[in-house]
Amino acid sequence: MRPVRATRVSSVAPAYLLLTLTALLWAGNAVTSRWAPGHISPQVITTLRWAVACTVLAPFAARKLSAEWPLLRPHWLRILLMGGLGYTAFNCLFYAAGVHTGAVNLALFQGAIPVLVIVLNRLAYRVPVTLGQMLGVVLTLIGAGIAATHGDWTVLTRLDFNRGDVLVFGACLLYAGYTIFLPTRPKVSALAFFAAMAIAAFVTSLPPLAVEWATGHAVWPGPEGWAMVAFVGLGPSLLAQLFFMRGVELIGPNRAGLFVNLVPIFGAGLAVLLVGEPFGAIQAVALALVLGGIACAERLKPALAAEATSDAAYSQTRTRRM
């Protein structure tokens, strides 16, 4: 059994690294969403970030996309929906929410993504929820809450929920839906599939941009705005999505979703580095809880039964879709 266990550990180790880097990049995206108002409008940054991602992808993915297009073409509607809802609509809602709500609310609502992933996965594919996963969700949610409130739980009693919170919850619901559909993607290379979705995201971002421009709300970037576009185009849009896609492929959406709760932890860390906020006992406790929750979900899962059931559900879905 030891060689088998060693193989399984080595196979998931890259997923942990990729998903951790994803959370770090998404934390940078959350910071950007708070800095963006006044420098660039939500629809402008959404369109430009995918324009940047598509431009960078083109030299590397064009040949693969062309070669694998016959396999992708039957799934064009799914690709359009996944790119349009999971990428474009998510970013539009997230950046719009940053205009109306605070960083605490943004971080707290993002903590709902792992819960939504598990619920939707259960409803859509009957994927079992293990005790370890439920304990992991609770611990990571508590850790995310501590990070978002800086340990002052009375903040929750003073939160003024507004339309920005509705927008960010809608964004989280869309991304959770995108996450559970990732394992059912067409059997093509990840690069070709992501390139197709990036194009879909760019194309579907144009109508909202036209509306924003026609209504006089478009804010085109200056130097600071272009710096934000470059970061979100290369980091959260390109690298993070590729990392997340591979992480879900390696360990499944339920387990991968828990890593989202590292976002507020890294957000606090970025505040330490960029703003000079202190890193103290509260931040350390929050980090320990989130990491402990992820460890519980990993260590307390049934070693083979749950994974076999999940794999069977995804395989059946792939068979029905192909």
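Here we summarise the structure given alongside this text. (Residues numbered from 1 in each chain as written. Predicted model: local features only at pLDDT ≥ 70, side-chain atom pairs only at ≥ 80, totals over all residues. Heavy atoms only, no water.)

Once that is clear, we can look at the packing of helix H3 (residues 76-100) against helix H7 (residues 163-181). As a packed pair, H3 and H7 sit with axes 8 Å apart at the nearest point and diverge in direction by 155 degrees. If you check the angle between H3 and H7, you find them roughly antiparallel. Here H3 runs over H7; the crossing is left-handed. In contact with Arg78, Met82, Leu85, Gly86, Tyr87, Ala89, Phe90, Leu93, Phe94, Ala96, Ala97 and His100 of H3, H7 contributes Arg163, Gly164, Leu167, Val168, Gly170, Ala171, Cys172, Leu174, Tyr175, Tyr178 and Phe181. Of the residues assigned to the contact of H3 with H7, the class counts are 17 nonpolar, four polar and two charged. (Axes fitted to C-alpha atoms, helices over the stretch in contact; angles between N-to-C directions. Helix = DSSP H or I, 4+ residues; strand = E, 2+ residues; numbered from the N terminus. Parallel < 35°, antiparallel > 145°, perpendicular 65-115°, else oblique. Left-handed = near helix turned anticlockwise from the far one by under 90°. Contact = heavy atoms within 4.5 Å. Nonpolar A, V, L, I, M, F, W, Y, C, P; charged D, E, K, R; others polar.)

Further remarks concern the nonpolar core. Counting residues in each nonpolar core, the largest one holds 67 residues, and the members touching the most others are Tyr178 and Phe193. Not counting residues within four places of it along the chain, the set of residues in contact with Phe193 comprises Leu72, Ile79, Met82, Leu182, Arg185, Pro186, Val188 and Met245. Counting ten residues, the second-largest nonpolar core is a separate cluster that includes Val44, Leu48, Tyr95 and Leu209. (Core = buried A, V, L, I, M, F, W, Y, C linked by side-chain atoms within 4.5 Å. Buried < 20%, exposed > 50% of the residue type's maximum accessible area, 1.4 Å probe, protein only.)

Let us now look at the environment of Ala230. Inspection of the secondary structure assignment puts Ala230 in helix H9 (residues 223-251). You can call Ala230 partly exposed: its relative accessible area is 35%. Sequence separation between Ala230 and Arg49 is 181 residues, and the spatial gap between their C-alpha atoms is 7.1 Å.

So, about the pattern of salt bridges. Where charged atoms of side chains with opposite charge meet at close range, the side chains can pair. Taken as a whole, this structure holds two salt bridges when the rule is applied. One salt bridge connects Glu249 with Arg185, and the closest N-O pair in it is separated by 3.3 Å. Here Glu249, found in helix H9, pairs with Arg185, found in the loop between H7 and helix H8 (190-214); they are 64 residues apart in sequence, far enough to count as distant. Residue classification places Glu249 among the partly exposed residues on the basis of a relative accessible area of 44%. (Salt bridge = Lys/Arg side-chain N within 4 Å of Asp/Glu carboxyl O.)

It is worth spelling out the packing of aromatic side chains at this point. One pass over the full model with this rule turns up eleven aromatic pairs. The interplanar angle of 50 degrees and the centroid separation of 5.2 Å between the aromatic rings of Trp26 and Phe244 together place this pair among those described as tilted. In this pair, Trp26 is assigned in helix H1 (residues 2-35) and Phe244 in helix H9, connecting sequence segments 218 residues apart. Each of the two residues, Trp26 as well as Phe244, counts as buried. Seen in terms of ring centroids, Trp50 and Tyr87 are 4.8 Å apart; in terms of plane orientation they differ by 15 degrees. Their pairing is stacked. Taken as a pair, Trp50 in helix H2 (residues 42-72) and Tyr87 in helix H3 lie far apart in primary sequence, 37 residues in all. Clustering of aromatic rings is evident, with ring pairs tying together Trp26, Trp50, Tyr87, Phe90, Phe94, Tyr175, Tyr178, Phe194 and Phe244. (Phe/Tyr/Trp six-rings, centres within 6.5 Å; stacked < 30°, edge-to-face > 60°.)

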